[in-house]
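# Geometric and topological summary
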Amino acid sequence: MKDQEGTREAELIAARRANLAALRSMGADPYVLTRFDVNAKASELQRRFADLPAGESLPERFALAGRVMLLRGQGNIAFADLWDESGKIQLFLKADVVGKEPLKAFQHHVDRGDLLGAQGRIARTKHGELSLLVERYDVLGKALAPLPDKWHGLVDVERRYRQRYLDLAVNPEVRQVFLMRSRIIAELRRFLDARDFVEVETPVLINIAGGATARPFQTHHNALDLDLNLRIATELYLKRLVVGGIERVYEIGRIFRNEGIDTKHNPEFTMMELYAAYWSYEEMAQFTEELYAHLVALVTDGKSTLPFGDRVLDFQRPFARVKYFDALQEHGGYARADLLDAERALHIAQSLGLPKPPSHAHALDKIFEAVVEPHLVDPTFVMDIPVLLSPLAKRRADDPLLTERFELFIANMEACNAFSELNDPDDQRGRFEEQARDRDAGDAEAPPPDWDFITALEVGMPPTAGIGIGIDRLVMYLTNQQSIRDVILFPLARPIVER
RNA sequence: GCGCCCUUAGCUCAGUCGGUAGAGCACCGGCCUUUUAAGCCGUGGGUCCUGGGUUCGAGUCCCAGAGGGCGCACCA
C-alpha cells in the first residue's frame, strides 16, 4: 500500500509526524523517556475531591498519566481530557502556571491521542470541573495515527474487533467489560480456592480429542511426525487426575471446536471444568447456585437480579428445577416412551418441521431445543438427562435409561453442564464402543475411543461430580453483552488480504 | 453452506428519478485567559469495497467477487 499524494489520511499522519519532530527539536522526544512516576489515578482524585468547591485549589501535588482524548483551546489557556485506566480528569494549562513556551508547545504539538504525563495541583474550575492545574507535562508517547471521531467513537463493528486496541482506547465502556471479565475470573478462582479446589493445566495438543462431541482442529508435530488435535474439552484428563488422588480439581482454559461462528459461538473459547470427588450431581447443583449467586452479587453490588438484553434474570436461590422428560411433556405434550423410541422420536422431529436428524440422540436434542429451550429464561436446572445423550455420565440407579446429569439454562442458552461422573470402566467402554460405531457410520463429531481413559477408570475413580461452565457465556450474562465477540478480546476473523 | 442487509473523506453519516460527490467533526492557517462533543473566521481533503456489464452518462441499475452484520443451518 502506498500513500498517494493528497490523500487525507496521509496528511493527518504527516501533521502528527511534524509535531513529533518539533517535540524532538525541543529536546522532548517522547520515545526517549523510559519511565514516569504516577502517584494518582483520575477516578481516585474525582472521588477524593468530590466536595472541593468551584474556584478553589489545593496545595497538594499529583502526577498522573494517560491518553489525551479531548483538546479545547482558549488562547493563552488550554483544556484537555486525560483518560487513564480508571477514568478521566481535565487538564487545565495556564501560561502563568505551566509557562508560556510549554503552553505554546502543548497547543501546537500535542495531538489528540498522545500519551501524556502531567504534574500539578488539584483545582476545581469556575464551571465546576475538577482539574489538574498543570505545572509540568511530558509527552510519553506520540499518536501518529489519527483517532476515531471524538463524539461517536469507533462504531464500525469490523474495525472494533480487528483493531481492538482502538476500540479499547476510545470506548471506555468496552474497556469496562473486559476489566469486569478479568475480575469475574479472578473472583471465580478465589471462590474455588476457598473451597480447596486445585487449579491444574492439562494438554492442549492431544492425540485423541475426546470429552465432547465436536470436530477438532488438526495440527502436526514435526519432530515426532505426529498428527495431533487441539482439545475440545478437558474432561478426560481432569478425571485422570481424580483417579490419581487430586480430589478437587479444576482448569480454566481455552478449548477449540472447529465449528461455525455466531453470537453464541467462537471457535476458541474459555471453559472452566471442575471435579469434586465424593460429590454427586446434587451437591454440584447446590454448588452451582452458590457460585452464580455469588458472581451476580459481585457485579450488581449485592443484588440477585441481572439485566440481560430486554429482560431481567432472577438468580434468587433455589433455581427452578425441571426433569428432562417432564419439561418435554409440559411444553410439548410428548411422552417419554415416544421420545425414547428412535423411530417415533424421528417422527416427532419431522412433525416439528426440523430437518431430518442423523440419529436418535440428535433428534432428542433438536426436539428439546425447539420445544423447551424457548421457555427457559430465569436460571433453570434441567435434570436427569437420558443416557443416550450423556456418554460420560453415571446412570440413575433407579432408572438406568437416565443419568444423574443436569444442564443449567439461562436466557434460553445453555450455561453449564454437570453430572455424576461415570466411574464404571465396563459401562464406559461400552459407550465408547457405541461412539466408535457412530464414527464409523460417518458421524465426524463422535470422538474416537480413549482407551487409556478406560485403563484409568480400571485403576479406580471415586464417585465424583463434574461441571463445565463456558466462561465467555458467563461473562456475557454478568456484563449484559448479547454477542460472545463482545467478551472475547480478539474474536476470530478472516485475515485481510492485501491486494 | 443458504437468505437478507451493509461497504461513500481520517471518523460518524447524507446522497432524491441514472445527469460531473455533500455535511458535521477532525486536520491545517488566523484570532481568543474558564472550556465541557461545542469560541469565531478561513483553506484544503474522495480508488463512492473490487472487477465486469447496461447506458450518451453509473455512488445510484445488472452480474461476479471480497469483507462484515443479522437470521437460518451447523454446533451439547
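From a predicted model like this one, the values you see are computed outputs, not experimental measurements.

Another point: the overall build of chain A. When you go through chain A residue by residue, the secondary structure sums to 16 helices and 20 strands. Along the three orthogonal principal directions, the C-alpha set of chain A runs to about 85 × 55 × 50 Å. Counting only residues that meet the buried cut, chain A has 48% of its 499 residues in that class. Long-range pairs, those at least 24 residues apart, make up 66% of the contacts in chain A between residues at least 6 apart in sequence. Carbon together with sulfur atoms contributes 50% to the accessible area of chain A, which is approximately 25300 Å² in total. Distance between charge centres in chain A, computed from 62 positive and 77 negative side chains, equals 8 Å.

Let us now look at the protein's contact with RNA strand B. As a matter of local geometry, RNA strand B sits amid 47 residues, with R8, H127, K150, T213 and E414 nearest to it. Sugar and phosphate atoms represent 58% of those atoms of RNA strand B found within 4 Å of the protein. Interatomic distance of 3.4 Å between a backbone N/O atom of E9 and a phosphate oxygen of RNA strand B. Note that a sugar or linking oxygen of RNA strand B is positioned 3.5 Å from one of the backbone N or O atoms of G153. Listing elements by their share of the surface near RNA strand B, those giving two or more residues are α1 (8-25), β2 (77-83), β3 (88-94), α5 (157-162), α13 (360-371) and β19 (413-420). Here the residues of the surface near RNA strand B sort into ten nonpolar, 15 polar and 22 charged.

What follows concerns the pairing of β2. Across the seven residues that make up β2, a large majority, six, are buried. Hairpin connection, β2 to β3: the antiparallel pair is bridged by four residues.

Attention now moves to the sheet that holds strand β10 (residues 248-256). Strand order in the open sheet made by the eight strands is β6-β10-β11-β20-β19-β18-β15-β14, with mixed pairing throughout. Two strands lie at the open edges of the sheet, namely β6 (198-199) and β14 (320-323), each paired on one side alone. Note: strand β15 (residues 380-383) against strand β18 (residues 405-410), four bridges, orientation antiparallel. The partner of T380 across the bridge, within β18, is F409. Helix α8 (residues 235-243) rests against β10, β11 (268-277), β19 and β20 (464-470) of the sheet, and its axis sits at about 25 degrees to β11.

Conventions and cut-offs
The numbering scheme is per chain: residues are counted from 1 as the chain's sequence reads. Each chain is given a letter, starting from A, and each ligand a number, starting from 1, according to the order in which they appear as written. Only residues with pLDDT of 70 or above have their local features reported here, since the model is predicted, and side-chain atom pairs are shown and tallied only from 80 upward, although totals for entire chains, interfaces and linings are computed over all residues. For side-chain calculations, the full set of non-hydrogen atoms in the structure is used, while hydrogens and water are omitted. In this text, helices come from DSSP runs of H or I with a minimum length of four residues, and strands from runs of E with a minimum of two, each type numbered from the N-terminal end. Per-residue accessibility, obtained with a 1.4 Å probe over protein chains only, is compared with the maximum for each type, and a residue is labelled buried under 20%, exposed over 50%, and partly exposed between these values. A contact between two residues is defined here by any heavy atoms of the two lying within 4.5 Å. In short, Shrake-Rupley with a 1.4 Å probe defines the accessible areas, and a residue's cover is counted only from the protein chains shown. His is not counted, nor are the chain ends, whereas Lys and Arg count as positive and Asp and Glu as negative. Working definition for charges: the position is that of NZ of Lys, CZ of Arg, CG of Asp or CD of Glu. In this text, near means that some heavy atom of the residue lies within 4 Å of the molecule or strand in question. As used in this structure description, the phrase polar contact means that two N or O atoms lie within 3.5 Å; if the pair is within protein, one of them must be able to donate a hydrogen and the other to accept it, and residues adjacent in sequence are counted only when both atoms belong to side chains. Each residue is assigned to one of three groups, with Ala, Val, Leu, Ile, Met, Phe, Trp, Tyr, Cys and Pro labelled nonpolar, Asp, Glu, Lys and Arg labelled charged, and all others, Gly among them, labelled polar. Note: two strands are recorded as paired if DSSP finds a minimum of 2 bridges between them. Axis lines are fitted to C-alpha atoms, over the contacting stretch for helices. Their N-to-C directions set the angle, which ranges from 0 to 180 degrees.

In short, the description is geometric, and any link to function would need to be established separately.
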